[in-house]
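# Coordinates in review
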Amino acid sequence: MARTVSERSDVLPLLAEAFREHGYEGASLALIGEATGLGRGSLYHFFPGGKEEMASAVLGEIEAWFETNIFKVLRTAEHPESALLQTLDATEEYFRSGRRICLVGAFALSDTRDRFSLSLRRYFSEWRAALEFALSKTGETPAEAAAHAEEIVLSIQGALVLARALDDPGIFSRAIGRVRSHLPKARTKRRGGAPRLP
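A quick note: this is a predicted structure, and the numbers were derived from the prediction, not measured.

## Concerning helix 4 (residues 50–76)
Spanning 27 residues, helix 4 covers 37 Å between terminal C-alpha atoms, matching the ideal 39 Å at 1.5 Å per step. Helix geometry: helix 4 is bent most strongly at Glu 67, by close to 45°.

Dropping the structure here:
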């Protein structure tokens with residue numbers, strides 16, 4: 001049955017899950033309509049540019065969440081050690097302890113990469129740069145911070161792929177645990193609870 005949706009933003013989480021489940025190429029308008037409960041006319045009302053605009057909007061929503069809850073926190077924290085732990089908690093919550101694939105990573109590994117290359121590159125570059133900045137504030141040298149930041153992103157993304165491939169979310173949890181164990185000691189308690197996830 002067709003769903004009545006008044007805001008375009010209400011559709012984005014449903015679109016994101018459709019793309020996560022079927023990929024960009026596999027997510028036909030029929031499947032998207034089924035996932036969102038919207039008819040073709042409603043979908044084109046919100047997204048005149050069709051599926052490409054839908055995917056761009058979803059990527060923008062994901063990037064905005066990470067900017068607010070990960071990148072900005074790392075760049076502006078008074079206590080970078082605590083910020084690193086806080087954002088790692090938020091990252092684990094976002095990826096549902098390994099039960100949710102990284103849509104940006106999935107797009108980067110598919111033929112869709114070139115179509116959305118600017119968004120994909122920006123997401124990973126900003127993540128790595130924000131981590132590097134926070135790690136450098138803990139006393140790591142520029143070279144150490146750069147290598148450590150890259151290792152964190154590699155660990156998270158690799159664990160997500162392996163957890164998905166082997167259907168074992170514990171792989172992701174163990175990887176996050178190893179990342180935590182190699183972070184500088186926090187000077188303040190971690191803050192729990194991540195905001196609404198796109």
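So much for the structure itself; the text now carries on.
## Some words on the side chain of Thr 112
For Thr 112, the position within the fold is in the loop between helix 6 (103–108) and helix 7 (117–137). Of the residues examined, Thr 112 reaches a relative accessible area of 2% and is grouped as buried. Excluding residues that lie within four positions of it along the chain, Thr 112 makes contacts with Tyr 24, Glu 25 and Phe 107.

## Notes on the packing of helix 8 (residues 142–166) against helix 9 (residues 170–181)
Helix 9 packs onto helix 8 with a crossing angle of 165° between their chain directions and a minimal axis gap of 8 Å. As judged from the angle between their axes, helix 8 and helix 9 are roughly antiparallel. Handedness of the crossing formed by helix 8 with helix 9: right-handed. Between helix 8 and helix 9, the contacting residues are Ile 152, Ser 155, Ile 156, Ala 159, Leu 160, Leu 162, Ala 163 and Leu 166 on the first element and Ile 171, Phe 172, Ala 175, Ile 176 and Val 179 on the second. Class assignment of the residues belonging to the contact of helix 8 with helix 9 gives a composition of twelve nonpolar, one polar and no charged.

## Quick word on helix 7
Helix length check: helix 7, at 21 residues, gives a terminal C-alpha distance of 30 Å against a target of 30 Å (1.5 Å per residue), a fit within 8%. Inspection of helix 7 places Leu 120, Tyr 123, Trp 127, Ala 130, Leu 131, Ala 134 and Leu 135 among the buried residues, and these make up the whole buried set. Buried residues of helix 7 fall within an arc of 130° about the axis and therefore sit on the same side. Residues Leu 118 and Arg 121 are exposed on helix 7 and point more than 90 degrees away from its buried face. Count one or two residues on from helix 7 and you reach Gly 139, which has phi positive near 115°.

## Quick word on the pattern of salt bridges
In total, this model carries 13 salt bridges according to the counting rule given. Salt-bridge contacts for Arg 115 lead to Glu 25; the nearest nitrogen and oxygen are separated by 3.9 Å. Taken together, the residues Arg 115 in the loop between helix 6 and helix 7 and Glu 25 in helix 1 (residues 8–26) connect sequence positions 90 residues apart. Among the salt bridges present, the one from Arg 180 reaches Glu 92, with a minimum N-O distance of 2.9 Å. Residue Arg 180 is found in helix 9, and its partner Glu 92 is found in helix 5 (residues 80–94); the two are separated by 88 residues along the sequence. Residues participating in the shared-partner salt-bridge network are Glu 17, Arg 20 and Arg 100.

## With respect to the nonpolar core
Grouped together as the largest cluster of nonpolar side chains are 59 residues, with contacts concentrated most on Phe 19, Phe 66, Phe 95 and Trp 127. Of the residues forming this core, the biggest block, twelve residues, is contributed by helix 4. When residues no more than four places from it in sequence are discounted, the contact partners of Trp 127 are Phe 66, Ile 70, Phe 71, Thr 91, Phe 95, Val 153, Ile 156 and Gln 157.

## Things to note about the packing of aromatic side chains
With the rule as written, the count across this model stands at 17 aromatic pairs. For the pair Phe 19 and Tyr 24, a centre-to-centre distance of 5.9 Å together with 20° between the ring planes defines the contact as stacked. On the basis of relative accessibility, which here comes to 1%, the residue Phe 19 falls in the buried class. Taking relative accessible area as the criterion, Tyr 24 reaches 6% and is therefore assigned buried. Note on Phe 107 and Phe 116: the rings are 5.7 Å apart at their centroids and 25° apart in plane angle, and the pair reads as stacked. Accessibility assignment for this pair places Phe 107 and Phe 116 in one class, buried. Taken together, the ring pairs in this structure connect Trp 65, Phe 66, Phe 71, Tyr 94, Phe 95, Tyr 123, Phe 124, Trp 127 and Phe 172 into an aromatic cluster. One Lys or Arg, Lys 51, reaches over the ring of Tyr 24 and ends 4.7 Å from the middle of that ring.

Calculation notes
- Residues numbered from 1 in each chain as written.
- Predicted model: local features only at pLDDT ≥ 70, side-chain atom pairs only at ≥ 80, totals over all residues.
- Heavy atoms only, no water.
- Helix = DSSP H or I, 4+ residues; strand = E, 2+ residues; numbered from the N terminus.
- Expected span 1.5 Å × (residues − 1).
- Bend = angle between axes of the 7 residues up to and from the residue.
- Buried < 20%, exposed > 50% of the residue type's maximum accessible area, 1.4 Å probe, protein only.
- Contact = heavy atoms within 4.5 Å.
- Axes fitted to C-alpha atoms, helices over the stretch in contact; angles between N-to-C directions.
- Parallel < 35°, antiparallel > 145°, perpendicular 65-115°, else oblique.
- Left-handed = near helix turned anticlockwise from the far one by under 90°.
- Nonpolar A, V, L, I, M, F, W, Y, C, P; charged D, E, K, R; others polar.
- Arc of directions from axis to C-beta.
- Salt bridge = Lys/Arg side-chain N within 4 Å of Asp/Glu carboxyl O.
- Core = buried A, V, L, I, M, F, W, Y, C linked by side-chain atoms within 4.5 Å.
- Phe/Tyr/Trp six-rings, centres within 6.5 Å; stacked < 30°, edge-to-face > 60°.
- Lys NZ or Arg CZ within 6 Å of the ring centre and 35° of its normal.

Shape is all these values report; function is a separate question.
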